[in-house]
Amino acid sequence: MHEVSIMRSTLDVAEDQARRSGATHIHSLRMRIGLLSGVVADALRFAFEALRQNTLAASALLEIEEVRPACWCMDCQAEFEVNDYIYECPRCRRPSADLRRGREIALVSLEIS
Ligand SMILES: [Zn+2]
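Residues numbered from 1 in each chain as written. Predicted model: local features only at pLDDT ≥ 70, side-chain atom pairs only at ≥ 80, totals over all residues.

### Details of helix α1 (residues 2-20)
Consideration 1: Taking 1.5 Å per residue, 19 residues should reach 27 Å; α1 reaches 28 Å between its end C-alpha atoms and fits that length.
Consideration 2: Every buried residue of α1 is listed here: E3, I6, M7, T10, L11, A14 and A18. One side of α1 carries all its buried residues, which in axial view fall inside an arc of 135°. Exposed side chains of α1 directed beyond 90 degrees from the buried face belong to S5, S9, D12, D16, R19 and R20.
Consideration 3: Looking one or two residues past α1, G22 carries a phi angle of roughly 80°, positive in sign. (Helix = DSSP H or I, 4+ residues; strand = E, 2+ residues; numbered from the N terminus. Expected span 1.5 Å × (residues − 1). Buried ≥ 20, exposed ≤ 12 C-beta atoms within 10 Å, placed from the backbone. Arc of directions from axis to C-beta.)

### A look at the sheet that holds strand β6 (residues 105-112)
Consideration 1: A sheet is described by the order of its strands in space; here three strands give the open sequence β2-β1-β6, paired in mixed fashion. On the outer flanks of this sheet lie β2 (61-67) and β6, each paired with one strand and no other. With strand direction ignored, the average angle separating the axes of adjacent strands in the sheet is 20°.
Consideration 2: Two strands pair when backbone bridges link them, and strand β1 (residues 26-34) and β6 are joined in this way by seven bridges, in the antiparallel orientation. Looking across to β6, one finds that I33 is bridged to I105. (Pairing = 2+ DSSP bridges. Axes fitted to C-alpha atoms, helices over the stretch in contact; angles between N-to-C directions.)

### Some thoughts on the nonpolar core
Consideration 1: The biggest cluster of nonpolar side chains holds 18 residues, and the ones touching the most others in it are A14, I26, L29 and A57.
Consideration 2: Elements with a contribution of two residues or more to this core: α1, β1, α2 (41-51) and β6. (Core = buried A, V, L, I, M, F, W, Y, C linked by C-beta atoms within 7 Å.)

### Considering unusual backbone geometry
Consideration 1: Despite not being glycine, N54 shows a phi value in the positive range, around 60°.
Consideration 2: With 7 C-beta atoms counted inside 10 Å, the residue N54 sits in the exposed group.
Consideration 3: In this model, Q77 sits at a positive phi of 50°, which is unusual for a non-glycine residue.
Consideration 4: Here Q77 is to be found in the loop between β3 (70-73) and β4 (78-81).

### Thoughts on the environment of R68
Consideration 1: Residue position: R68 is located in the loop between β2 and β3.
Consideration 2: Exposure remark for R68: the 12 C-beta atoms within 10 Å place this residue in the exposed category.
Consideration 3: Residues R68 and G34, spaced 34 residues apart in sequence, show a C-alpha to C-alpha distance of 6.3 Å.
Consideration 4: Those residues within four positions of R68 in sequence are excluded, and the remaining contacts are L35, E81 and G102. (Contact = placed C-beta atoms within 7 Å.)

### Let's talk about α2
Quick reminder: α-helices carry 3.6 residues per turn. Residues three or four places apart thus point the same way.
Consideration 1: Among all positions in α2, only L44, A47 and F48 are buried. Taken around the axis of α2, the buried residues stretch over an arc of 105°, which confines them to a single face. Seen from the open side of α2, the exposed residues pointing more than 90 degrees away from its buried face are D42, E49 and A50.
Consideration 2: Those residues of α2 that are buried lie in contact with α1 and β2.

Here it is as structure tokens:
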């Protein structure tokens with residue numbers, strides 16, 4: 001499963017950052033997952049439960065922020081949200097392939113001590 005390897009590398013990065021700051025506990029991890037990333041948030045939570053034992057994050061809370069996809073419209077010089085896979089600006093109806101958000105898979109913050 002894709003999410004298991006993503007969670008494993010996220011935990012590696014988190015533990016590495018915690019250790020470098022001299023911390024011994026990770027209290028929470030916050031991740032940002034784009035709805036077009038192909039990653040399923042529930043599968044990620046499940047992988048976290050399975051992998052967190054014996055890590056600094058053994059009792060940590062995992063928060064997942066899901067990011068709705070958005071494109072950039074050249075004509076309007078503005079972002080618009082993509083709903084139901086329609087990549088068309090709601091203001092001027094121009095289609096856009098310039099996806100600015102929605103594919104991210106990122107660890108955005110950690111709470112450690
Ligand atoms: Zn537009």
